[in-house]
Each structure stands twice: as structure tokens, then as C-alpha cells.
Amino acid sequence: MSDFRQRIEQAIPALRRYARALTRDTETADDIVQDTLVRALRSEHLFHDGDVRAWLYTILTNLNRNRLRSLSRRPTLTPIKDNDAALTGPDTGSRDIARALDDLAEDQRAALLLVVLEGLTYREVAEVQGVPIGTVMSRLARARMQIKAYLDGERPALRRVK
Amino acid sequence: MTEQMISEDELHAYVDGELPADRRGAVEAWLASHAEDAARVAAWRKQAELIQARYGGVATEEVPARLDFGRMACRRRNRWIAAAAAAVLAAFVAGGLTGWTARGGETPTGSDLARFTADALEAYRLYVVEVRHPVEVPGDERPHLVQWLSKRVGSPLRAPELERLGLKLVGGRLLPGPTGATAFFMYEGPSGERFTLYCGQTSDQQTALRYTAGSQNAAYYWVDQNVAYVLSGPAERDKLRDIAQAAYDQIDSRSSQRGG
């Protein structure tokens, strides 16, 4: 297997992690990873130099954006449920974070996940999203502000219901 | 004691390990005396921990069989060989049928610009999200693809070479259009961005490039030798224009050779 293909193969676990957090759905996430790999194979000869991993994140991010666009054209929206069986126990914090991510705008969610989950630098995220670093930072700031508001607001309400 | 102002951007950079080393001290001093900012920083760190706790484990799961990359690469080669064989057959059958189906007698009235552009953008939106079956004939069978679509459309066509602009021909398909059979070529850039070229017969006069933009997609329309062309893509005017211009030049130079 070529070096290029080896580097793609090594990135698959991380791509699955990113896709899972991006879609909050196991099947959808693996569909997108599969499509990303198909595209990477097809474009192999177009890839000359650079970071294979960042390139794969770019493809995946674009594919997910296309997917959401086509969903939004449908007359009824199917809510994406967090159907992952591997919930980390009774700690509601981890479920809350999934719901908090649900509420974010797509570009904000992608920026935040690329930074905190995938460990990309701001510069790399700017390249993946095709925007200036300043835009990445404002997406990050808005995402964090919104999640904080969600977590601060929701927790007491949930306790009262119990 | 003079204190340096710390921006919100710097607080984010501090949390994400992007702050230059010589600013760390200033940020830490600021946080020690500004409880509200310190609470925000703590909250952002907590968010990152929650996200990592919730999704970090996915990377250590066993990768499912359908994402076995080695097998995928192998399957893909076999599928393309099968697709190429099918394309040869399709070109052969289409060649035989052309006499039957050629020209249903439609005579386009008025300008085809609006109809062609609307149909081309509709086709673009329909197929741009298609990942596994975006085309009927793959781009590595370019001669067969072009021969087949030229026969069906009834005019010699060409799939422009756009590799210089980083675009690879994914392939093509036959579609119904405003004036009958229409050819649809799809191109793809290194990050998966797609552009399509839609071509069908028209009675419109020769035109230069004309731009039409929707909210997310845009198109350039032109006519050359009684064939209308619509190049569609994401609504980034400059990029689209470069691609349309390259396609236009190639189709135009060929036409003048042929016509001359």
C-alpha cells in the first residue's frame, strides 16, 4: 500500500470520532466517513503535497454540509437522535453536551469539534473551513457561549422535574 | 500596578494552547484578578472535557468492515472495470438507437437562457450531493463518454480538460433538457467541491458568458455552434468564472478549428 493510502488508513479512527460528534448518529457518521474515503481514493492523483489528515477533514466537513443542505430542502425535517448505545453511564453531563452540540449552527459545531476533539490548530481549521482565522475564532466564541448558556440553563430545570 | 488588557480571543487561545508563550503570564495574572473571566475559561475547559469524554472513545472502537480501506481500494478498481465495459455497451446501443430517437421536432422558442440555466442548476443540486452514483459513465472512460453523449445530444461535444484548475472529470450522464437529450459532465476538486457542465442543442445565437446566481449555487451560460452550455457550481463568482472561462476557451477554440 502506498504511503498516501497508509496515511489515510491511519486517519480513519479519528475521522469516525469527528463524524460521530458532528452528526451525533453512528450510522450517518460512518456513511459520511465511507463517502469521504471513496472521494479520497477518487482524488488520489490530485493530491500532491500537504497534510492528508487536514485534507480528509475538509472533505468530511464539506460532505456533511452538503448532506444538511439536502436535508433542509425536504419538506419535513427528521430530527437526528443521539442513538449511540455507548452513553457513558448515568452522568447526564455527557448527554447534555450532545444536546448542546445539536443546537449549534453547523459551521460553529465543526469549528469547535476540530479544535477541542481533533486538536487542529486555528490555522488548520481555517483551511478546512475555507475562511480566515478571525472567522474561526468568532465561530468558536459563539459555540462556547451558546453551549455555556445551554448547560447553565438546562441543568437546574432538569433537576426540578425530578 | 499596570495591568494589560486581555481580549476574549486571547482567552480562547489560552484554553486551546495557541497563545504565544510570552503572553501566558499576562493572561494568568488577569484571570487571577478577574473572577468572571476565570469562570468562563473554566466553563470552556469543562465543555472540552465533556466533548472528549462523550466522543473520544470512538477512535478506539474497532473500525467496521465497511470502512476497511484496503478492501475499498481493491473493490473500486474492479467496479471501474465493470463500469467501463458497461459504457462501451451503452455507447454501442445508443449509436444504434440514435436514428430512432433523434429530434422529436421540438423547436425552442425565445431565449433558452432561462430554461437551460434553471434545468442545469436543478440537475446540479440533484447530483452534487450524490456520492456513490453521481454519474452513469466514469471520467476515466472519457472518449466513450463524450462519443456517447455527442450522439445522443446530436452535436459534437467535448468534456473540457480542467485539471489545470485542480478539477478532475468524475464522469457524465444523459438527462432530459429543455430541447431534448442533454449531456451532463461532473467535475470535482481536491476537497470534494463539485462543478457541472450541462450541454444541449439550442437555436439561440452565439453568446458570451452570462452569469446567474442563486443563494448557494451559480451558473455561467453561453452558446457556441448551436449548443447551449451551462457551467454550475457553488456561488463563488471568481472561481466559477475562471472555470467557465477555461471551458469556454477550449470549446471555442475547437469550434473554430472545426468550422474553419
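Refer to the preceding data block for the structure.
Only a predicted model underlies this, so the values are computations on that prediction, with no experimental measurement involved.

What counts, and at which threshold
Residues numbered from 1 in each chain as written. Chains lettered and ligands numbered in written order. Predicted model: local features only at pLDDT ≥ 70, side-chain atom pairs only at ≥ 80, totals over all residues. Helix = DSSP H or I, 4+ residues; strand = E, 2+ residues; numbered from the N terminus. Buried ≥ 20, exposed ≤ 12 C-beta atoms within 10 Å, placed from the backbone. Contact = placed C-beta atoms within 7 Å. Nonpolar A, V, L, I, M, F, W, Y, C, P; charged D, E, K, R; others polar. Axes fitted to C-alpha atoms, helices over the stretch in contact; angles between N-to-C directions. Left-handed = near helix turned anticlockwise from the far one by under 90°. Pairing = 2+ DSSP bridges. Core = buried A, V, L, I, M, F, W, Y, C linked by C-beta atoms within 7 Å.

Caption draft 1: Structural context of the overall build of chain B. A count of helices and strands for chain B gives seven helices and seven strands. Reading chain B from its N end, one meets helices and strands in the order α-α-α-α-α-β-α-β-β-β-β-β-β-α. Expressed as a percentage of its 260 residues, the buried residues of chain B come to 32%.

Caption draft 2: Highlighting the overall build of chain A. Across its full length, chain A holds seven helices and zero strands. Mapped from its N terminus to its C terminus, chain A presents α and β elements in the order α-α-α-α-α-α-α. By sequence separation, contacts in chain A at least 24 residues apart represent 66% of the contacts at least 6 residues apart.

Caption draft 3: Region of the structure containing the interface of chain B and chain A. With 39 residues of chain B in contact, the opposing surface of chain A contributes 47 residues. Where the side of chain B that touches chain A is concerned, the elements lending two or more residues are helix H1 (8-15), helix H3 (35-55) and helix H4 (69-101) of chain B. A per-element tally of the side of chain B that touches chain A places H3 of chain B first, with 10 residues. Grouping the constituent residues of the side of chain B that touches chain A by class yields 19 nonpolar, nine polar and 11 charged.

Caption draft 4: Quick look at the packing of helix H5 (residues 106-116) of chain A against helix H6 (residues 122-129) of chain A. Residue and element names in this part refer to chain A. Packing of H5 against H6 brings their axes to within 10 Å, and their N-to-C directions diverge by 140 degrees. In this structure, H5 crosses over H6, and the sense of that crossing is right-handed. The residues of H6 that touch H5, namely those facing Asp107, Ala110, Ala111, Leu114 and Val115, are Val125, Val128 and Gln129.

Caption draft 5: Focus on the sheet that holds strand E4 (residues 194-201) of chain B. Residue and element names in this part refer to chain B. Here seven strands make up an open sheet; going across it, the order is E1-E2-E3-E4-E7-E6-E5 and the pairing antiparallel. Two strands bound the open sheet, and with one partner strand each, they are strand E1 (137-138) and strand E5 (210-213). Across two bridges, E1 lies against strand E2 (residues 168-177) in antiparallel orientation. Bridged to Pro138 within E2 is Gly171.

Caption draft 6: A look at the pairing of E4 of chain B. Residues and elements named next belong to chain B. With respect to burial, E4 is a largely interior element, eight of its eight residues being buried. Across the two faces of E4 the burial is the same, with Arg194, Thr196, Tyr198 and Gly200 and Phe195, Leu197, Cys199 and Gln201 all buried. With six bridges joining them, strand E3 (residues 180-188) and E4 adopt antiparallel strand pairing. Considered in E4, the bridge of Phe184 is made with Tyr198.

Caption draft 7: Highlighting the pairing of strand E6 (residues 217-224) of chain B. All names here are of chain B. Of all eight residues in E6, six are buried, a share of seventy percent or more. Where E5 meets E6, four bridges bridge the pair, whose relative direction is antiparallel. Of the residues in E6, the one forming a bridge with Arg210 is Tyr221. Here E5 hands over to E6 after three residues, the two strands then running antiparallel side by side. Taking the residues that link successive antiparallel strands as the turn, the E6-strand E7 (residues 227-234) hairpin has two residues, and the phi of Gln225 there is positive, at about 50 degrees.

Caption draft 8: Region of the structure containing the nonpolar core. Of all hydrophobic cores here, the largest spans 45 residues; its most connected members are Cys199, Tyr229, Val230 and Leu231 of chain B. Mapped onto this core, the elements with two or more residues apiece are helix H5 (113-128), helix H6 (142-153), E2, E3, E4, E6, E7 and helix H7 (237-259) of chain B. With 43 residues, the next largest nonpolar core counts Leu37, Leu101, Leu140 and Ala143 of chain A among its residues.

Caption draft 9: Spatial organisation of the environment of Arg241 of chain B. Residue and element names in this part refer to chain B. Along the polypeptide, Arg241 turns up in helix H7. A count of 16 C-beta atoms within 10 Å places Arg241 in the partly exposed class. In this structure, the C-alpha to C-alpha distance between Arg241 and Tyr211, residues 30 residues apart in sequence, is 8.5 Å.

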